[in-house]
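A closer look at the structure
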Amino acid sequence: MRPRMSGKQPVKNLFRKSQSQRGEVNPSASEPVLEADSTRTSHSSGSNADNDFLMEKVIARGNILSALERVEKNKGAPGIDGMQAQELRGYLVKAGAKLREELLNGSYQPQPVRRVEIPKASGGGMRKLGIPTVRDRLVQQAILQVLIPIFDPTFSESSFGFRPGKSAQQAIAKAKGFVEAGYVYVVDIDLESFFDRVNHDKLIQLLRNRIKDQRLLNIIRRYLNAGIMDHGLCVRQESGVPQGGPLSPLLSNLMLDVLDKELERRGHRFVRFADDCNVYVKSRRASERAFEGIRKILEGRLKLKINQTKSAADFVNRRKFLGIKLQTNAGGNTRVRLAETSEERFKARIRELTNRNWGVSFEERIRRMNEYIRGWSAYFRVVETPTKWPRLQGWILRRLRCCQLVQWKRGKTKGRNLRRLGISPQNAKKIAGSRHGPWNLAHTTQLHVALGTAYWRKQGLVFLEDLMGQAS
């Protein structure tokens, strides 16, 4: 009888064959199931032979364990089979040997991804994502960890999206440096449905230039062709890389590295973050020429399409990049400012978290707000508008005061709590019996005193102005 597994399995015991098989002890049960064969490993130790035996590196026990931990940490929604990330360990304990065999003999077949749609950060429609099964996410992550050391060192220094040691803040800093040097016109390139238009044959050829292990190339091709499960129907795709899998960012960077190399060859100053690319030049005429040259590369060589309504060659002050705007003046001074759309999205999320009808405790509300505010401030720490943060913080506190009044509900409860917070009985009674709505009351002097900065700090709320002050 198979022993029951409960809780998180010890890492050292994973990927080993079952101790019983039809009632008999397996003599090789102590051997790791997903560890590369020693003969193959010895062949792949040299740099020239590495690309011939990459699959052995993919299924090496240490690589799989690292991939497993990453998939578990990322959690994420289940794929079409419904398996959750926390179930992956148990699956590998039982089926690790079969998975290893399928990967080595080339019979591994990815499952279609599950289609989901989320609102675009820009607010313009929905973004289509493809959620692979957790088993496929594990294999993709294991492949990614083997491919990164091969491809990432060859990518352009001007490429910052989804790369180890690179960040959006570094991309913004480099763009600011170009503007400060006088390159105040920008060719702002937006690709239309980039992830849906990637040419599979072109992408596989780029991989084949560096990868000689045909088994690995075949599996990547199968991921590209696995299809999308949408409303119960599997739709096969002849082009595109589904967003949502661990491999997608690397494959997109590999595809657009062709553009990077051509821009470098032509001596352009540019910054690219995933499929967002800005090229900086000194005059409008130069920006128009550069725009036409980039269009030919993207549409001619890479079979991609520029979104004409969102792309433009323009003065840098009139364009936004990665949620910010670079504002330069006649004296050559350049500042990083928050784009209007970024502030609007921030306020929209805070409104959700301070919805007065949201039935959660204040402790949970503040926990979620802190999580969001910390993440948002970490991303926008490069913004140079210190006067904005106290204003936004004041607006956040007013939202919270409004929520607190609504939660107190009855007039007697409001009056009692306000007196406890130091408001005089007369003013507490006036506020409790007021016909004004909670939004108006939240702006009164009495509520500013009772539910002011000190009160919310005591509740554990993190303050945006503190975080942004530390960043600056």
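Counting restarts for each chain, with residues numbered from 1 along the sequence as it is written. Restriction of local features to residues with pLDDT of at least 70 applies here, the model being predicted, together with a cutoff of 80 or more for giving and counting side-chain atom pairs; totals for whole chains, interfaces and linings are based on all residues. The side-chain quantities take in all heavy atoms of the structure and omit both hydrogens and water.

Details of the overall build of the protein
For the protein, the count of helices and strands is 20 helices and 13 strands. Only protein chains enter the accessibility calculation, which uses a 1.4 Å probe; a residue whose area is less than 20% of its type maximum is buried, one above 50% is exposed, and one in between is partly exposed. Within the protein, the proportion of its 472 residues that are buried is 50%. Residue pairs at least 24 apart in sequence account for 70% of intrachain contacts in the protein once pairs closer than 6 positions are excluded. A total accessible area of about 24000 Å² is found for the protein, and carbon and sulfur atoms account for 48% of it. Numbering goes from the N terminus for both helices and strands, where a helix is a DSSP run of H or I of at least four residues and a strand is a run of E of at least two. Every residue pair with non-hydrogen atoms within 4.5 Å of one another is taken to be in contact. All accessible areas in this document rest on Shrake-Rupley with a 1.4 Å probe, and a residue is counted as covered only by the protein chains that are shown.

Notes on the sheet that holds strand β11 (residues 320-321)
Pairs of strands are assigned from DSSP output, requiring at least two bridges between the strands. The strand order across the open sheet formed by three strands is β11-β12-β13, and the pairing between neighbours is antiparallel. Both edges of this open sheet fall to β11 and β13 (334-338), since each of them pairs with a single strand only. Across two bridges, β11 lies against strand β12 (residues 324-328) in antiparallel orientation. Residue pairing in the sheet places K320 in a bridge with K325 of β12.

Quick word on helix α5 (residues 134-151)
In this model α5 runs 25 Å from its N-terminal to its C-terminal C-alpha over 18 residues, within 8% of the 26 Å that 1.5 Å per residue would give. What the bend at a residue measures is the angle between two axes, fitted to the seven residues ending there and to the seven starting there. Taken as a whole, α5 carries its principal kink of about 25 degrees at Q145; the proline P149 stands between one and four residues after it. Counting buried residues along α5, 15 of its 18 residues qualify, which places the element largely inside the surrounding structure. Any helix carries an expected span of 1.5 Å times its number of residues minus one.

A few points about the environment of I131
Looking at the element boundaries, I131 is found in strand β4 (residues 126-131). Sequence separation between I131 and M229 is 98 residues, and the spatial gap between their C-alpha atoms is 9.6 Å. The residues touching I131, leaving out its near neighbours within four places in the chain, are A77, P78, G79, V113, R114, V116 and R137.

Considerations on the packing of aromatic side chains
For Phe, Tyr and Trp, where Trp contributes only its six-membered ring, two rings pair if their centres lie within 6.5 Å, and the inter-plane angle classes them as stacked under 30 degrees, edge-to-face over 60, or tilted in between. Here the structure, examined in full by the defined rule, presents eleven aromatic pairs. Between F162 and F273, the aromatic rings sit 5.8 Å apart at their centres with planes inclined by 50 degrees, giving tilted as the arrangement. With F162 in the loop between α5 and α6 (168-180) and F273 in strand β8 (residues 269-273), the pair connects residues that are 111 residues apart, well separated along the chain. You can call F162 exposed: its relative accessible area is 54%. A relative accessible area of 16% means that F273 is categorised as buried. Note on F346 and Y372: the rings are 5.8 Å apart at their centroids and 25 degrees apart in plane angle, and the pair reads as stacked. Residue F346 is found in helix α12 (residues 340-353), and its partner Y372 is found in helix α13 (residues 362-379); the two are separated by 26 residues along the sequence. With relative accessibility at 0%, the residue F346 sits in the buried group. Three or more aromatic residues link up through ring pairs in this structure, and these residues are F346, Y372, W376, Y379, F380 and W389.

Some details on a positive patch on the surface
Each patch is assembled from residues with relative accessible area greater than 30% and no salt bridge, linking like charges that lie within 9 Å and nonpolar side chains (Val, Leu, Ile, Met, Phe, Trp, Tyr) that lie within 5 Å. For this document, the term salt bridge refers to a Lys or Arg side-chain nitrogen within 4 Å of an Asp or Glu carboxyl oxygen. Counted as positive: Lys and Arg. Counted as negative: Asp and Glu. His and the chain ends are not counted at all. Taken as the charge centre is NZ of Lys, CZ of Arg, CG of Asp or CD of Glu, depending on the residue. Among the surface-exposed residues, R410, K412, R416, R419 and R420 lie close enough to one another that they form a single positively charged patch. By the element assignment, R410 lies in the loop between α14 (388-408) and α15 (411-420).

Comments concerning the environment of Q407
Along the chain, Q407 falls in helix α14. Given a relative accessible area of 38%, Q407 falls into the partly exposed group. Residues in contact with Q407, not counting those within four places in the same chain, are V360 and F362.

What to know about the pattern of salt bridges
Considering all chains together, one arrives at 28 salt bridges under this definition. Across the salt bridge formed by E384 and K176, the nearest N and O atoms sit 2.8 Å from each other. You can see E384 sitting in the loop between α13 and α14 and its partner K176 sitting in helix α6, a full 208 residues away along the chain. The partner of D466 in a salt bridge is R457, and the shortest N-O contact between them spans 2.7 Å. Three or more residues joined by partner-sharing salt bridges are found here, namely E262, R265, R266 and R301.

Some points on the confidence of the model for the protein
Along the chain, pLDDT gives the predictor's confidence residue by residue, from 0 to 100. With 87% of its residues at a pLDDT of 70 or more, the protein has an overall mean of 86. The low-confidence segment residues 1-6 (pLDDT under 50) makes five contacts with residues lying over four places distant or belonging to another chain. When the criterion is pLDDT under 50, residues 16-49 qualifies, and its contacts beyond four places in sequence or with other chains add up to 55 contacts.

Brief notes about helix α10 (residues 248-265)
For α10, with 18 residues, the first-to-last C-alpha span of 26 Å sits near the 26 Å given by 1.5 Å per residue. Of all bends in α10, the biggest is about 35 degrees, found at L256. Trailing α10 by a residue or two, G267 shows a phi angle of about 80 degrees, which is positive.

Regarding unusual backbone geometry
Located in the positive-phi region is K75, a residue other than glycine, with phi close to 60 degrees. Turning to its location among the elements, K75 is positioned in the loop between α3 (61-74) and α4 (88-105). Judged by its relative accessible area of 57%, K75 is exposed. One non-glycine residue, K303, lies in positive phi territory at about 60 degrees. Structurally, the position occupied by K303 is in the loop between α11 (284-301) and β10 (312-315). Exposure remark for K303: the relative accessible area of 54% places this residue in the exposed category.

Overview of the sheet that holds strand β9 (residues 276-281)
An order of β8-β9-β5-β10 is seen for the four strands of this open sheet, with the pairing classed as antiparallel. Pairing within the sheet leaves two strands with one partner each, and these edge strands are β8 and β10. Sheet twist, expressed as the average angle between the axes of neighbouring strands with direction ignored, equals 20 degrees. Pairing between β8 and β9: five bridges, direction antiparallel. By the bridge assignment for β9, R272 is matched with C277. A fitted line through C-alpha atoms represents every axis, and for helices the fit uses only the stretch in contact; the resulting angles, taken between N-to-C directions, go from 0 to 180 degrees. Together, β8 and β9 form the strand contacts of α6, whose direction differs from that of β8 by roughly 160 degrees. With respect to the sheet, α11 is in contact with β5 (185-190), β9 and β10, its orientation differing from that of β5 by roughly 25 degrees.

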